[in-house]
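Observations on chain architecture
Here is what each chain is made of, one letter per residue.
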Amino acid sequence: MDYRPYDQTPGTVPTAIKILVAGGFGVGKTTLVGSVSEIRPLRTEETLTEASVGIDDLGGVEAKTTTTVVMDFGRITLTDTLLLYLFGTPGQDRFWFVWDELSTGAIGAIVLADTRRLADCFASVDYFEQRSMPFIVAVNCFDKAQRYRTDEIRAALELDPDIPVLLCDARHRESVKTVLVSLVEHAMRTVGRRRTAVATTRP
Amino acid sequence: MTSSMASSMASLDDPSGARASRWRDPAVVAGAETGVAPDCRPDARAGDNRDIDTNMDTNMDTYVDTEMDTEMAGDNGSALWLDADAGPVVRPYAMTGGRTAPTTGDFNLISLVTATRPVSSADVGLAPEHVTIVELSRRPISVAEISAHLDLPVGIVRVLLGDLLDRALIMTNNPEPVANLTGDGLFEAVINGLQAL
């Protein structure tokens with residue numbers, strides 16, 4: 001087989017970063033990833049075994065001892081040296097252990113919300129607040145959903161005033177790009193503030 | 001779990017030896033080297049084990065469901081695999097010899113894997129999946145993408161990557177904590193890159 005020369009120069013390996021897409025089941029996470037990814041959303045899975053014993057309600061499916069946590073993800077090559085991965089996080093709350101790994105190297109998270117089932121994203125909001133991970137809330141505007149103003153959604157979610165809330169359409173690339181840019185800008189401000197805070201507390 | 005894995009492993013040593021050769025035979029590796037497309041799907045080889053292979057093929061969709069696996073084995077009339085103690089037909093962990101953790105390396109989902117050289121005939125003991133990973137990683141590729149391309153759970157891929165790292169067939173770049181990256185205009189680069197899409 002004709003091999004392309006294998007590149008062994010460590011400096012040429014790109015930097016990979018992640019953005020997480022969280023939210024309840026069926027809120028459009030995979031759709032959002034697919035709208036901007038240069039590859040069709042791929043699927044990877046982790047296997048869950050003992051962790052679910054006594055936690056999952058497996059009534060009727062007692063024989064099932066293994067569960068898989070499925071994550072859909074996409075990739076955007078930003079530059080030759082910068083790769084952005086978008087990971088749709090598993091919807092179920094009990095899979096926090098996967099989230100912890102997903103959070104490493106993540107610059108921030110998009111919490112995707114559906115106004116018809118706003119409570120579905122409470123767990124995600126709590127998680128990112130507790131981990132001090134920069135996040136924004138993007139409300140996926142489903143056709144039949146009643147429209148709310150962003151300040152109403154902010155109030156319902158009890159969000160800090162500095163956390164951006166915006167309306168989007170997960171099916172539309174431009175809309176998703178706007179969401180991603182808002183998140184990165186928010187993450188940049190957050191990190192900047194933390195730097196300042198650290199600098200001022202040092203003697 | 002452990003006992004069912006042990007059973008699966010015992011079954012791998014079936015008298016035909018076809019299953020065992022899939023994992024160990026250096027000729028398989030050499031075959032890939034000489035232009036046979038390395039294939040992560042077992043049905044590329046060992047035709048006499050077709051009933052098992054069929055199960056393996058759909059395995060990733062069904063292995064979580066014990067009942068379904070048993071049913072499929074029944075459809076194919078493979079008495080060998082109907083032993084109730086055997087559990088699901090082939091656990092993915094059979095592919096790793098029952099190992100659930102890599103011997104070395106820390107493979108984040110977005111750790112980038114790069115092959116350092118092609119697999120050669122001197123690399124004895126590699127599975128077809130190992131060869132496929134080396135092929136995939138001729139250009140830097142994330143652990144998550146490898147998992148998706150091989151249609152294998154990340155846990156399995158980590159074990160296989162550990163084997164390759166042991167042999168220095170690959171190198172990995174783990175993601176930096178974001179706090180370490182932000183100094184180099186990272187956010188600006190991401191924003192510019194996104195706007196240019």
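Report follows, based on the coordinates.

1. Considering the overall build of chain A
A count of helical and extended segments in chain A gives five helices and seven strands. For chain A, the sequential pattern of α-helices and β-strands runs β-α-β-β-β-α-β-α-β-α-β-α. When burial is assessed residue by residue, chain A has 52% of its 203 residues classed as buried. Residue pairs at least 24 apart in sequence account for 73% of intrachain contacts in chain A once pairs closer than 6 positions are excluded. Carbon and sulfur atoms form 52% of the exposed surface of chain A, whose accessible area is close to 9900 Å².

2. A closer look at the overall build of chain B
Each helix and strand counted, chain B has 11 helices and three strands in total. Element order for chain B, N to C, with α for helix and β for strand: α-α-α-α-α-α-β-α-β-α-α-β-α-α. Pairs at least 24 residues apart make up 71% of the contacts formed inside chain B by residues separated by at least 6 positions.

3. Side note on the packing of helix α5 (residues 173–201) of chain A against helix α11 (residues 186–195) of chain B
Angle between the axes and distance between the axes are the two parameters that describe a pair of packed helices. Axis separation between α5(A) and α11(B) bottoms out at 10 Å; the angle between their running directions is 170°. Considering the angle they form, α5(A) stands roughly antiparallel to α11(B). Counted together, A:Lys177, A:Leu180, A:Val181, A:Val184, A:Glu185, A:Ala187, A:Met188 and A:Val191 of α5(A) and B:Phe187, B:Glu188, B:Val190, B:Ile191, B:Leu194 and B:Gln195 of α11(B) form the full contact between these two elements. Among the residues making up the contact of α5(A) with α11(B), the classes are represented as 10 nonpolar, one polar and three charged.

4. So, the nonpolar core
Counting 62 residues, the largest nonpolar core has A:Phe87, A:Phe128, A:Phe135, A:Val137 and B:Leu161 as its most contacted members. Beyond its immediate stretch of four places on either side in the chain, A:Val137 contacts A:Val111, A:Ala113, A:Leu157, A:Leu159, A:Pro164, A:Val165 and A:Leu166. In this structure, A:Ala138, A:Val184, B:Val178 and B:Phe187 belong to the second largest nonpolar core, which totals 34 residues.

5. Focus: the pattern of salt bridges
Residues and elements named next belong to chain A. What the rule picks out here adds up to 12 salt bridges over all chains. Of the charged contacts in the structure, one is a salt bridge between Arg 171 and Asp 169, with a shortest N-O distance of 2.9 Å. Judged by its relative accessible area of 15%, Asp 169 is buried. Through salt bridges with shared partners, a single ionic network connects Asp 114, Arg 116, Arg 117 and Asp 120.

6. With respect to the side chain of A:Asp114
Residue and element names in this part refer to chain A. With respect to the element layout, Asp 114 can be found in the loop between β5 (106–113) and α3 (122–130). Taking the relative accessible area as the measure of exposure, Asp 114 reaches 1% and is therefore buried. Within the structure, Asp 114 has its side chain in polar contact with the backbone nitrogen of Arg 116 (distance 3.0 Å).

7. As for the packing of aromatic side chains
Residue and element names in this part refer to chain A. For the structure on display, the rule yields three aromatic pairs over all chains. With centroids separated by 5.4 Å and ring planes inclined at 85°, the aromatic side chains of Tyr 127 and Phe 128 adopt a geometry described as edge-to-face. The two residues Tyr 127 and Phe 128 agree in class, both being buried. Considering the side-chain rings of Phe 128 and Phe 135, the 6.1 Å spacing of their centres and the 35° angle between planes classify their relative orientation as tilted. Accessibility assignment for this pair places Phe 128 and Phe 135 in one class, buried. Counting every residue linked through ring pairs, the aromatic cluster contains Tyr 127, Phe 128 and Phe 135. Positioned above the aromatic ring of Phe 87 is the side chain of Lys 18, whose terminal nitrogen or guanidinium carbon lies 5.9 Å from the ring centre.

8. Focus: the sheet that holds strand β2 (residues 141–142) of chain B
All names here are of chain B. If you trace the three strands from one edge of the open sheet to the other, you get β2-β1-β3, paired in antiparallel fashion. The sheet is open, and its two edges are formed by β2 and β3 (170–173), each paired on a single side. By the bridge criterion, two bridges tie strand β1 (residues 112–115) to β2 in an arrangement that is antiparallel. Across the sheet, residue Leu 112 finds its bridge partner in β2, namely Ser 142.

9. Section: helix α1 (residues 29–36) of chain A
All buried positions along α1(A) are accounted for by A:Lys29, A:Leu32, A:Val33, A:Ser35 and A:Val36. Down the axis, α1(A) shows its buried residues gathered within 160° of arc, on one side only.

10. Some thoughts on the environment of B:Ser142
Within the secondary structure layout, B:Ser142 lies in strand β2. In sequence terms B:Ser142 and B:Ile110 are 32 residues apart; their C-alpha atoms lie 4.9 Å from each other. There is a polar contact of 3.4 Å between the side chain of B:Ser142 and the side chain of A:Tyr85. At 2.7 Å, the side chain of B:Ser142 forms a polar contact with the side chain of B:Glu145.

11. Examining the packing of helix α7 (residues 128–136) of chain B against helix α8 (residues 143–150) of chain B
Residues and elements named next belong to chain B. Contact geometry of α7 with α8 gives a least axis separation of 11 Å together with a crossing angle of 130°. Viewed along their axes, α7 and α8 adopt a mutual orientation that is oblique. In the crossing of α7 with α8, the sense of the turn from one axis to the other is right-handed. Every residue of α8 that contacts α7 at Glu 129, Thr 132, Ile 133 and Leu 136 is listed here: Ile 146, His 149 and Leu 150. Here the contact of α7 with α8 is composed, by residue class, of four nonpolar, two polar and one charged.

Here is what the cut-offs are and how they apply
Residues numbered from 1 in each chain as written. Chains lettered and ligands numbered in written order. Predicted model: local features only at pLDDT ≥ 70, side-chain atom pairs only at ≥ 80, totals over all residues. Heavy atoms only, no water. Helix = DSSP H or I, 4+ residues; strand = E, 2+ residues; numbered from the N terminus. Buried < 20%, exposed > 50% of the residue type's maximum accessible area, 1.4 Å probe, protein only. Contact = heavy atoms within 4.5 Å. Areas by Shrake-Rupley, 256 points an atom, 1.4 Å probe, with all protein chains shown as cover. Axes fitted to C-alpha atoms, helices over the stretch in contact; angles between N-to-C directions. Parallel < 35°, antiparallel > 145°, perpendicular 65-115°, else oblique. Nonpolar A, V, L, I, M, F, W, Y, C, P; charged D, E, K, R; others polar. Core = buried A, V, L, I, M, F, W, Y, C linked by side-chain atoms within 4.5 Å. Salt bridge = Lys/Arg side-chain N within 4 Å of Asp/Glu carboxyl O. Polar contact = N/O pair within 3.5 Å; in protein donor to acceptor, adjacent residues only side chain to side chain. Phe/Tyr/Trp six-rings, centres within 6.5 Å; stacked < 30°, edge-to-face > 60°. Lys NZ or Arg CZ within 6 Å of the ring centre and 35° of its normal. Pairing = 2+ DSSP bridges. Arc of directions from axis to C-beta. Left-handed = near helix turned anticlockwise from the far one by under 90°.

Read these as spatial facts, not as claims about activity.
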